[in-house]
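Chain by chain, the residues:
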Amino acid sequence: MSDQTQAIRPAVIIGGNRIPFARSNGAYSKASNQDMLTAALDGLIARFGLQGQRLGAVAAGAVLKHSKDFNLVRECVLGTSLSAQTPAYDVQMACATGMEAIGSLANKIKLGQIDSGIGGGVDTTSDAPIAVSEGLRAVLMDLSRARTTGAKLKAVSRFRPRDLAPNAPGTGEPRTGLSMGDHQAITTKAWNISRAAQDELALASHKNLAAAYERNFFDDLITPFAGVSKDTNMRADSTLEKLASLKPAFGKNLGAEATMTAGNSTPLTDGASAVLLGSEDYAREHDLPMLANFVDFEAAAVDFVHGAEGLLMAPTYAVARILERNNLSLQDFDFYEIHEAFAGTVLATLAAWEDAEFCKNKLGLQAPLGAIDRSRLNVNGSSLAAGHPFAATGGRIVASLAKMLHEKGSGRGLVSVCAAGGQGVVAILEAR
Amino acid sequence: MADKYLELVNSGFTKKLAKSLGAPRPAILRRYAPGAPLLPGPLLLLGNSSAAQDLADTLLGWGLDVRRHASGESRLGGIILLLDELADPAELSEPMLAAGAALRRLAPGGRVVCLSRPALETDAPAVAAVRQGIDGTVRSMGREMRGGATANGIVLAEGIPATAPSALAALHFLLSGRSAYVDGQFIAVDSADGTLPEDFDRPLAGKVAVVTGAARGIGAAIAQTLHRDGATVVVVDVPAAGDALARVANRVSGTALQLDVTRPDAGEKIIEHAVSRHGALDIVIHNAGITRDKLLANMDAARWDSVIAVNISSQLAMNEAFLAAQLPGLRIVSLASTSGIAGNRGQTNYAASKGGVIGMVRASAAAFAANGGGINAVAPGFIETDMTAKIPLATRAVARMLMPSLMQGGLPLDVAEAIGLLASDAAAGINGRTLRVCGQSLVGA
Ligand SMILES: NC(=O)c1ccc[n+]([C@@H]2O[C@H](COP(=O)([O-])OP(=O)(O)OC[C@H]3O[C@@H](n4cnc5c(N)ncnc54)[C@H](O)[C@@H]3O)[C@@H](O)[C@H]2O)c1
């Protein structure tokens, strides 16, 4: 740190709240982003008694957002019992939205600009915005500009029935036209990740999540919503046999070599999460717990467009940089939270860190980052079991990891979240 | 539905119709609102015991217009009968007839409160006779009241003056709108302990209270009422009820604790939350409860055991944790039920648990008093909540309309008000007791 930088203070994770995640077009099909994020905030406010408080900021976002929701987070705040003087803003960074929102709030706390804040995210693919086709949009714009009847008729005459087909948002990459799953299928194959390894990871996710519910781990992390009290995607009774029986869903062009199924990929999911952060003084003044320090975070992006790197491999780069900055090795962590966009993503990431060539040529390291103790990976389940409402995943992970660290009473946790557009955000948390 | 009926029989054409048909016409009860006058008119203080002067002074201090003679025609807001020094049944005649002559002047929502002494085995037979006779006559008066007026009593242990803090707190409660659904009942005061609140509108100022089963129904009303009375409230309910619980917490500016009270560490969790987040634990309301009704002949183990586990075993276990923590001045109020007193068809399991609560508070009183606190129960009769909404319609209509002197079900608020009294420091002289909030009915859930 240079001499000019101000002394920074710790940003503390106080706690979190999310609503149970629900498979798309299921329990929350009638709920909007605003409904869900407001519910997540309400639960957080109730847990920590924040009613009437003016917080430093509320930062959150949604990946799929209606244009009318241009001020989504502020609207949500106004619907809660927080002080109406609490500023709020929307963040959008694909699946890393939640991490970016939380990380930048932590930075503001560290700098002393704010004392408290809530970071999080929400997404629904059940109530997704549908846009009119480009053709219809052009006609409508011309029509609104037309002054004379003749001009109006002329504009309307250009309308074609095919223009009626709406554009639903997809998870496809605009520059490659490939879905995220098909992108990952390329990476999965490149790293030789087996079907069995992916299915095992998926099974562990379900078992770990179910066990966490069983030991009441989520009692102070989740508030029910719309009659749902547990993640609806969770299959506590899943087996390797069941997972092995599923047909490939992505990379079908690989034929018999296709390994990615609906079982080892995350489903489309609806949900919302929120994390309360503050300075140590804020936590003490309000008699609030301090679970963990939000130590640092780092974003990375890769060139997947020209095939230089896999779409979801950016976190491997971000981790290399954040470790170096913090003088840590990959083995210096008690918990690893690697977002399971696909089982293949997690396994390819781990393989890359162990690969001397990748670490040398791509990450510019003299030695590979090495292997991690797999018993410390996603110990309370991750996205394969819980589901993945894009912007809400970061908040889910940070709150759970902070609680795990606090329960353990010591040590560090590493978070890794990949995102569309070849991006990723990673973070380090430290127990208190 | 009850509200609709209440409205109909009390207004305009339907009122006349109901009157001419002789349909039951439950009155709209006088309920408390902060700042409301204590009584709807002057107070008549009858009886010549030595407590009269001191008591009159206190009542004047409460802003009441106190009359010592029954003469006049004006409306009365309440009548206090000082019967604490009677030694023979023959002496009851004078004060009771005087009260009777004044009853016609009692305003709607008026109050009759009798002060007396408990009948003990060691009393002279005539003394015990008049004292026990007062019990019967007050309960009968309750049955004769009209217009939402009630009759209740305060039983002062030997040597406890009528101006003891808990006696005054009980009197204030019974005169006020807070006791709207308490009728034909006695509050026993056993010691002169306790301190009266500086402000009767905020008797729980500065206290930290935990309410279990607070996501809805009576528990939600208790949370609201304790908050109104000045307490910081922690609301507890099962994780599955967390969204409703969060709404209650946010309404009362409290904190929500998602916790199943049957968990073995529930007591510790409650203490940990209250003390770490709010600095103390002063009040616990054991309200979480369930019904699993079945005739005993058809009862299964799941129904029986779950009711016992939630309604009584959990409280016994939590109380042990509270006692072990030696929380100074901790006051506990537990939810019993009139079913645990009078019995109720289909509720052998529930009545065992609720009778159990009554036994538990009686047997725990000394232990809590040792830390400067106390434990009591409130036994609601028929209260309009989701729990009683499960009772078949016909049974419900009968329970609500016919049995109680007040001819209606109570509101969750009515139960909450009684709990507020027993949770307050002023009630330190009341310990191990069960107060019924039943509109003088025997049906309940
Ligand atoms: N409604 C009546 O007429 C009536 C009459 C007499 C007594 N009571 C008693 O009053 C209390 C409240 O009754 P109500 O009518 O509001 O019932 P209710 O069913 O509306 O509410 C009870 C609450 O307790 C919660 N609860 C149940 N089991 C729990 C557990 N293991 N841990 C934590 N919370 C739990 C429930 O989730 C619910 O929110 C109960 O003890 C009941 O037995 C009610």
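Residues numbered from 1 in each chain as written. Chains lettered and ligands numbered in written order. Predicted model: local features only at pLDDT ≥ 70, side-chain atom pairs only at ≥ 80, totals over all residues. Heavy atoms only, no water.

1. Topic: the overall build of chain B
We count it as follows: Working definition: helices are DSSP H or I runs of at least four residues, strands are E runs of at least two. Numbering for both runs from the N terminus. Radius of gyration means the value over C-alpha atoms here, while the globule rule gives 2.2 Å times the residue count to the 0.38 power. Think of it in three bands: with a 1.4 Å probe and only protein chains considered, a residue is buried below 20% of the maximum accessible area for its type, exposed above 50%, and partly exposed in between. Every residue pair with non-hydrogen atoms within 4.5 Å of one another is taken to be in contact. Here the Shrake-Rupley method, with its probe set to 1.4 Å, supplies the accessible areas, and only the displayed protein chains count as covering residues. Residues scored as charged are limited to Lys and Arg (positive) and Asp and Glu (negative), so that His and the chain ends carry no count. Where a charge lies is defined by one atom per residue type: Lys uses NZ, Arg uses CZ, Asp uses CG and Glu uses CD.
Looking only at helices and strands, one finds 15 helices and 13 strands in chain B. Relative to its length of 445 residues, chain B is compact, with a C-alpha radius of gyration of 21 Å against a globular reference of 22 Å. Viewed in the frame of its principal axes, chain B has a C-alpha envelope of about 60 × 50 × 45 Å. Taken over 445 residues, chain B has a buried fraction of 56%. Here the analysis covers contacts within chain B between residues at least 6 apart in sequence; of these, 74% occur between residues at least 24 apart. With an accessible surface of roughly 17200 Å², chain B has 56% of that area assigned to carbon and sulfur atoms. Within chain B, the 39 negative side-chain charges are centred at a point lying 9 Å from the centre of the 40 positive side-chain charges.

2. Thoughts on the overall build of chain A
Per the secondary structure count, chain A includes 14 helices and 12 strands. The C-alpha atoms of chain A give 22 Å as radius of gyration, which agrees with the globular expectation for 432 residues (22 Å, within 12%). Counting only C-alpha atoms, chain A reaches 75 × 60 × 50 Å along its principal axes. The 432 residues of chain A split such that 56% are buried. The contacts in chain A between residues at least 6 apart in sequence include a share of 79% that link residues at least 24 apart.

3. Re the nonpolar core
Definition in use: By nonpolar core is meant a set of buried Ala, Val, Leu, Ile, Met, Phe, Trp, Tyr and Cys residues that side-chain atoms within 4.5 Å join together. Residue ranges for the domains trace back to a domain assignment, done automatically or taken from a database.
Core analysis: the largest hydrophobic core is formed by 77 residues, its most contacted members being Leu59, Leu171, Leu175 and Ile285 of chain B. Examining the composition of this core, we find that 8 residues originate from one element, helix H6 (residues 165-175) of chain B, more than from any other. Residues from two domains meet in this core; each of domain 1 (39-189) and domain 2 (208-437) of chain B gives at least three. The residues contacting Leu59 of chain B, other than those within four sequence positions of it, are Leu43, Leu45, Leu64, Val66, Ile80, Leu171 and Leu175 of chain B. Core analysis: the second largest hydrophobic core is formed by 61 residues, Leu277, Leu311, Met404 and Ala419 of chain A among them.

4. What about the interface of chain A and chain B?
For clarity, the cut-off: Throughout, buried area stands for the accessible area (probe radius 1.4 Å) lost by two parts on being put together, summed over both. Any carboxyl oxygen of Asp or Glu that lies within 4 Å of a side-chain nitrogen of Lys or Arg is treated as forming a salt bridge with it.
Chain A puts 20 residues into the contact, and the matching count from chain B is 17 residues. For the pair chain A and chain B, the summed buried area comes to about 1300 Å², and 43% of that belongs to carbon and sulfur atoms. Considering only the surface of chain A that becomes buried against chain B, Gln51, Asp219 and Pro224 of chain A emerge as the three largest contributors, covering 37% of it. Between chain A and chain B we count 1 salt bridge in total.

5. A closer look at the sheet that holds strand E11 (residues 331-335) of chain B
All names here are of chain B. To keep things clear, this is the line we draw: When DSSP locates at least two bridges between a pair of strands, those strands are taken to pair. To get an axis, fit a line to the C-alpha atoms, keeping to the stretch in contact for a helix; angles then go from 0 to 180 degrees between the N-to-C directions.
Spatially, 7 strands are ordered E9-E8-E7-E10-E11-E12-E13 in an open sheet, and the strand pairing comes out parallel. Looking at the sheet topology across the chains shown, the edges are occupied by strand E9 (255-258) and strand E13 (434-437). In this sheet, adjacent strand axes meet at a mean angle of 20° when their direction is disregarded. Here strand E8 (residues 232-237) pairs with E9 via 4 bridges, running parallel. Opposite Val236, over in E9, you have Leu257 as the bridge partner. Sheet contacts for helix H9 (residues 266-278): strand E7 (208-212), E8 and E9; angle to E9, the most-contacted strand, approximately 155°.

6. Considering the sheet that holds strand E1 (residues 43-46) of chain B
Residue and element names in this part refer to chain B. Spatial ordering of the open sheet is given by E2-E1-E3-E4-E5-E6, a layout of 6 strands whose pairing is parallel. Two strands bound the open sheet, and with one partner strand each, they are strand E2 (66-67) and strand E6 (186-189). Judged from the 6 bridges that link them, strand E4 (residues 106-116) and strand E5 (residues 150-156) form a sheet pairing that is parallel. Each residue of the ladder has a partner; that of Leu115, found in E5, is Ile154. Across the sheet, H6 lies against E1, strand E3 (76-82), E4, E5 and E6, angled at about 175° from E5, the strand it touches most.

7. What about the pairing of E4 of chain B?
Threshold: Looking down the strands as they point away from you, a crossover is right-handed if its path from the first strand over the helix to the second goes clockwise.
Of all 11 residues making up E4 of chain B, 10 are buried, and the element is well covered by its neighbours. What joins E4 of chain B to E5 of chain B is helix H5 (residues 125-144) of chain B, and the crossover it makes is right-handed.

8. Quick look at the pattern of salt bridges
Residue and element names in this part refer to chain B. Under the counting rule described, the total for this entry stands at 32 salt bridges over all chains. Salt-bridge contacts for Arg31 lead to Asp414; the nearest nitrogen and oxygen are separated by 2.7 Å. Of this pair, Arg31 sits in the loop between helix H2 (12-21) and E1 while Asp414 sits in helix H15 (residues 412-423); the two residues are 383 residues apart in sequence, bridging distant segments of the chain. Between Asp265 and Arg263 there is a salt bridge, with its nearest N and O atoms 3.1 Å apart. Take Asp265: its relative accessible area is 26%, and that puts it in the partly exposed class. Judged by its relative accessible area of 19%, Arg263 is buried.

9. Thoughts on the environment of Phe217 of chain A
Residues and elements named next belong to chain A. Secondary-structure assignment places Phe217 in the loop between helix H7 (195-214) and helix H8 (240-244). Residue class for Phe217 comes out buried when judged on its relative accessible area of 1%. Considering only alpha carbons, one finds Phe217 and Met404, 187 residues apart in sequence, at a separation of 9.1 Å. Other than its neighbours up to four places away in sequence, Phe217 contacts Ala212, Asn380, Ser400, Lys403, Met404 and Glu407.

10. Some details on the domain arrangement of chain B
All names here are of chain B. Note the threshold: Residues adjacent in sequence count toward polar contacts only when both atoms are side-chain atoms; beyond that, a polar contact is any pair of N or O atoms within 3.5 Å, and within protein one must be able to donate a hydrogen and the other to accept it. Each residue is assigned to one class: nonpolar for Ala, Val, Leu, Ile, Met, Phe, Trp, Tyr, Cys and Pro, charged for Asp, Glu, Lys and Arg, and polar for all the others, Gly among them.
Annotation of chain B at the domain level lists domain 1 (39-189) and domain 2 (208-437). For domain 1 and domain 2, the distance between their C-alpha centres works out to 29 Å. On the side of domain 2, 24 residues touch domain 1, which itself brings 20 residues to the contact. Of the roughly 1700 Å² buried between domain 1 and domain 2, counting both surfaces, carbon and sulfur atoms make up 60%. It is Arg178, Tyr181 and Ala188 in domain 1 that bury the most area against domain 2; as a group they hold 41% of the surface buried on that side. At the junction of domain 1 with domain 2, the criterion picks out 2 salt bridges. On inspection of domain 1 and its partner domain 2, the count reaches 8 residue pairs in polar contact (both at pLDDT 80 or more). Listed by contribution, the elements that provide at least two residues to the side of domain 1 that touches domain 2 are H5, H6 and E6. Residue composition of the side of domain 1 that touches domain 2, by class: 12 nonpolar, 5 polar and 3 charged.

11. Some thoughts on the packing of aromatic side chains
Any two aromatic rings considered together are summarised by their centre-to-centre distance and by the angle between their planes. Residue and element names in this part refer to chain A. The cut-off we apply is this: Between rings of Phe, Tyr and Trp, where Trp is taken as its six-membered ring, a pair exists when centres lie within 6.5 Å; planes separated by under 30 degrees are stacked, by over 60 edge-to-face, and by other angles tilted.
On inspection of all chains with the given rule, the structure shows 9 aromatic pairs over all chains. Ring centres 5.2 Å apart and planes at 80° place the aromatic pair Phe217 and Phe218 in the edge-to-face group. You'll find Phe217 and Phe218 in the same group, each marked buried. An aromatic cluster is built from Trp191, Tyr317 and Phe358, whose rings are joined through pairwise contacts.

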